[in-house]
Number of protein chains: 2
Amino acid sequence: MITVSDFVFSFSPDHPPAARALPGEVVRFVTQDCFCGQVTGESVLTTEIDMTRLNPATGPVFVEGAEPGDALFADILSIDIADRGYLCTLPDYGPLGGWSELRTREVDARGGVLRFNDLVFPARPMVGVIGTAPSEGSVSCENPGAHGGNMDCKLVEAGARTFFPVRTSGALFQLGDLHASMGDGEIGGSGVETAGSVLVRLGLLKDFPLDWPLVESRGMIHAVASGPEFVDTQREAARQMQRLITAAWGWDDTDAALYLAARGDSAICQSCKPSDSDIVLRVGVPLEPSMPRLVPTTR
Amino acid sequence: MITVSDFVFSFSPDHPPAARALPGEVVRFVTQDCFCGQVTGESVLTTEIDMTRLNPATGPVFVEGAEPGDALFADILSIDIADRGYLCTLPDYGPLGGWSELRTREVDARGGVLRFNDLVFPARPMVGVIGTAPSEGSVSCENPGAHGGNMDCKLVEAGARTFFPVRTSGALFQLGDLHASMGDGEIGGSGVETAGSVLVRLGLLKDFPLDWPLVESRGMIHAVASGPEFVDTQREAARQMQRLITAAWGWDDTDAALYLAARGDSAICQSCKPSDSDIVLRVGVPLEPSMPRLVPTTR
């Protein structure tokens, strides 16, 4: 098994690989928390840290044989989180920004449960930042996009299979930004932010171009799209699913749309508006057992 | 048991009650489908029906003792749907409006499963239109609002408990617009639209003012807000939950916001943009078993 602990603050085809892996190989990603360890206690507020060092992603890993037009898939085998996490408000961030103050809370995360005030609830570890390099240039790890990035999709948890477009040779896959728990929408701007490590099995689907990442989790498969505005973002995610359905099931666009209305779920991954952060939405359908898979991983 | 089958096309304090019920009483609502029965087969498109006769709600029921400032609660005990439903596109409606044609499909709904093309999937009956009268004027049953109305929240299913603000004497509760199945977002503009009947136990929570309806379902409680725009709507729903948490648990606004970021889910009920329909969102948290209930129904 390959272990990677180098990290970067952007997705880019120009990053030298931290490791090289064959399709089918398992890689262990040792990750920093989203603050790069700068928040060390409740006295440290998010206004007091270096905001150029946020959301580090561990990697990138060069996947042998991956070429533009392929899809990379990454099975999240397990997620180990640190013994504590930090839950922080950020200035004027999220729908409750006007009704909350700057505050950092340390959350005990030992034993699979989280403790916050007099409340104890199960940890639900997930990966916030995950994806492949864009074809050119550089995208900050703080942003989501067609390559994945800061998707903050809570379904990216142990047991999930994720798919990303390959836009450069080797895909250059990387991940980070673990949350011990985060609600859909991450409406406060942070989840319970932790360091940790993630076991991932990488796979390659040759010649399967994608416009947006996909997440298969809890019996459903979702397209995850992002953008500055709700309506266009929802259209992108819905259109990706419509295309997958027509291709896999031989239905026309209208029947696919009707099916999505009846059975598809449109949901929120990240929505820290009214800040200028991009919104991340997903549109998903159940893995219908009687129908061909929307994304076959063997063929 | 009271049975009601009269229907209206708006929520208004001016509607004469179709029945009067005591808190605790079970009422059977016999409902029309959202098209008022005008769609009778696949040859009938949504452009060919009388659009002033949409989304009828059965009722209203006058609940004895309900006064402004109270909350009405309605437990959905069971939902029976008709043997068939209709799934329709509407002109330029929903995120796939540009990639679908006008079409009506009849869906067989017998035996608890739905049949669409070569696909068979379980029916998941839910109530689209539900709520109480506003304090004055009239709100079309096509619209959502602070009174409920066309919330299209798929969690309003058998087993759910719903709460609505009482804004006029007797509350004037009514419901309709059953769907045999609808995905979160109802992104095509219709679910599988059916007639049917709904058994509801009504309850009254004296002196518990609400800004927005609440839905308790599947182990969570959600505030359901609506409006023309994503950001403001999400703020309304999040703020309602923040207020419930601070009142019930004695936390301050900031800890409530941090908790919502870590554990609350922001989700979509209805989103047929880019049409001018209002968006309906929910923000919900688990029913934490170790903590006081956010809305006590006995006290």
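Residues numbered from 1 in each chain as written. Chains lettered and ligands numbered in written order. Predicted model: local features only at pLDDT ≥ 70, side-chain atom pairs only at ≥ 80, totals over all residues. Heavy atoms only, no water.

A.B. asks: Report on the environment of B:Thr40, specifying residues and quantitative values.
C.D. replies: Residues and elements named next belong to chain B. The residue Thr-40 is located in the loop between strand E5 (26-31) and strand E6 (57-63) in this model. Sequence separation between Thr-40 and Thr-104 is 64 residues; the distance between their C-alpha atoms is 9.8 Å. Look past the residues within four positions of Thr-40 in its chain and what remains in contact with it is Tyr-86 and Glu-106. (Helix = DSSP H or I, 4+ residues; strand = E, 2+ residues; numbered from the N terminus. Contact = heavy atoms within 4.5 Å.)

A.B. asks: Tell me about the packing of aromatic side chains, and please be specific about residues and values.
C.D. replies: One pass over the structure, following the stated rule, counts 19 aromatic pairs over all chains. Relative to B:Phe9, the ring of B:Phe7 lies with its centre 5.8 Å away and its plane at 85 degrees, an arrangement referred to as edge-to-face. The class for B:Phe7 is partly exposed, based on a relative accessible area of 30%. On the numbers, 5.0 Å between centres and 65 degrees between planes, the contact of B:Trp249 with B:Trp251 is edge-to-face. The pair formed by B:Trp249 and B:Trp251 is uniform in burial state, with each residue classed as buried. Clustering of aromatic rings is evident, with ring pairs tying together A:Phe116, A:Phe121, B:Trp249, B:Trp251 and B:Tyr259. (Phe/Tyr/Trp six-rings, centres within 6.5 Å; stacked < 30°, edge-to-face > 60°. Buried < 20%, exposed > 50% of the residue type's maximum accessible area, 1.4 Å probe, protein only.)

A.B. asks: I'd like a rundown of the pairing of strand E16 (residues 161-165) of chain B, residues and numbers included.
C.D. replies: Looking down a regular strand, the side chains alternate between one sheet face and the other. Residue and element names in this part refer to chain B. With five of its five residues buried, E16 lies for the most part within the structure. Side-chain alternation along E16 places Arg-161, Phe-163 and Pro-165 on one buried face and Thr-162 and Phe-164 on a second face that is also buried. Bridge count between strand E7 (residues 71-81) and E16: five bridges; the pairing is antiparallel. Across the sheet, the residue bridging to Phe-73 is Phe-163, located in E16. Of the strand pairs in this sheet, E16 and strand E20 (residues 214-217) are connected by three bridges, and their pairing is antiparallel. By the bridge assignment, Phe-163 is partnered in E20 with Leu-214. (Pairing = 2+ DSSP bridges.)

A.B. asks: Please set out the relation of the copies chain A and chain B residue by residue, giving values where relevant.
C.D. replies: For the pair chain A and chain B, the best superposition has an RMSD of 0.0 Å and corresponds to a rotation of 180 degrees with a translation of 0.0 Å parallel to the axis. The relationship between the two copies is best expressed as a two-fold rotation axis. No C-alpha of chain A approaches the rotation axis more nearly than that of A:Ala267, which lies at 2.8 Å. Comparing interface residues between copies, 100% of those in chain A also sit at the interface in chain B, which points to an isologous, same-surface contact. (Least-squares fit on C-alpha atoms with pLDDT ≥ 70 in both.)

A.B. asks: I'd love a proper account of the side chain of A:Glu216, names of residues and values included.
C.D. replies: Residue and element names in this part refer to chain A. Relative to the elements of secondary structure, Glu-216 occurs in strand E20 (residues 214-217). Relative accessible area serves as the criterion here: at 11%, Glu-216 is assigned to the buried category. Among the polar contacts made by the side chain of Glu-216, one reaches the side chain of Arg-293 at a distance of 2.5 Å. The residues contacting Glu-216, other than those within four sequence positions of it, are Gly-159, Ala-160, Arg-161, Phe-163, Ile-221, Leu-287 and Arg-293. (Polar contact = N/O pair within 3.5 Å; in protein donor to acceptor, adjacent residues only side chain to side chain.)

A.B. asks: Account for the interface of chain A and chain B, with residues named and values stated.
C.D. replies: Contacts between chain A and chain B engage 62 residues on the former and 62 residues on the latter. Taken over both partners, the interface formed by chain A and chain B buries close to 5400 Å², and the fraction arising from carbon and sulfur atoms is 62%. Remark: the boundary between chain A and chain B carries eight salt bridges. Here B:Asp252 makes a salt bridge to A:Arg103, at a shortest N to O gap of 2.7 Å. (Buried area = accessible area lost by both parts, 1.4 Å probe. Salt bridge = Lys/Arg side-chain N within 4 Å of Asp/Glu carboxyl O.)

A.B. asks: Quick one: what's the story with the pattern of salt bridges, residue by residue and with numbers?
C.D. replies: Working definition: two side chains of opposite charge can pair if their charged atoms are close together. Taken as a whole and judged by the stated rule, the model has 36 salt bridges over all chains. Its salt-bridge partner being A:Arg105, residue B:Asp255 comes within 2.8 Å of it at the nearest N-O pair. Note that B:Asp255 is positioned in helix H2 (residues 253-263) and A:Arg105 in strand E9 (residues 104-108), a pairing that runs across two chains. Across the pair, exposure class does not vary: B:Asp255 and A:Arg105 are buried alike. Notably, a salt bridge pairs B:Lys206 with B:Asp70, separated by 2.7 Å at the nearest N-O pair. In this pair, B:Lys206 sits in the loop between strand E19 (196-205) and E20 while B:Asp70 sits in the loop between E6 and E7, placing the two residues 136 residues apart along the sequence. Counted as one network, the salt bridges with shared partners bring together A:Glu42, A:Glu101, A:Arg103, A:Arg105, B:Asp252 and B:Asp255.

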